[in-house]
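Examining the three-dimensional arrangement
What follows is each chain in one-letter form.
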Amino acid sequence: MAKENSKTVKETVKTGVSFGSALAMVISYVNWHSIGWAILHGLMGWVYVIYYIIRYH
């Protein structure tokens, strides 16, 4: 049972990180219209999303 829970947690974290990166890239591209910035912000993931929320909203 513990092994099953561990697998579920790992999959959830991976999905959350992937979603954070995708969200950061979309926000970045919509605001700055630059693929380069979108890639950089995608690598930052949730850090950029949280920064954007604090700074611009």
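Everything that follows concerns the structure shown earlier in this document.
A brief look at the structure comes next. Counting from 1, residues in each chain are numbered in the order their sequence is written. Only residues with pLDDT of at least 70 get local features here, since the model is predicted, and only at 80 or more are side-chain atom pairs given and counted; chain-wide, interface and lining totals rely on the full set of residues. To get the side-chain values, take all heavy atoms of the structure and skip hydrogens and water.

All right, on to helix α2 (residues 35-44) then. Exposed residues in this analysis have more than 50% of their type's maximum accessible area, buried residues have under 20%, and partly exposed residues fall in between, with area computed by a 1.4 Å probe over protein chains only. Elements are defined by DSSP. Helices are runs of H or I of four residues or more, strands are runs of E of two residues or more, and each kind is numbered from the N terminus. Along α2, the residues classified as buried are A38, H41 and G42. Seen from one end, α2 has its buried residues packed into an arc of 105°, which puts them on one side. N-capping of α2 is provided by S34, with a side-chain oxygen placed 3.4 Å from the backbone N of G36. Immediately beyond the C-terminal end of α2, within one or two residues, lies G45, with a positive phi of roughly 60°. Along the arc lie the directions from the helix axis toward the C-beta atoms. Here a polar contact is taken to be a pair of N or O atoms separated by no more than 3.5 Å, where protein atoms must pair a possible hydrogen donor with a possible acceptor and residues adjacent in sequence count only if both atoms sit in side chains.

Now for the packing of aromatic side chains. Aromatic contacts are taken between Phe, Tyr and Trp rings whose centres are within 6.5 Å, Trp giving its six-membered ring; a plane angle under 30 degrees counts as stacked, one over 60 as edge-to-face, and the others as tilted. Scanning all chains against the criterion turns up six aromatic pairs. A network of ring pairs unites the aromatic residues W32, Y48, Y51, Y52 and Y56 as a single cluster. The ring of Y56 carries the charged tip of R55 above its face, separated from the ring centre by 5.4 Å. Lysine NZ or arginine CZ positioned within 6 Å of the ring centre and within 35 degrees of the ring normal marks a charge as sitting over the ring.

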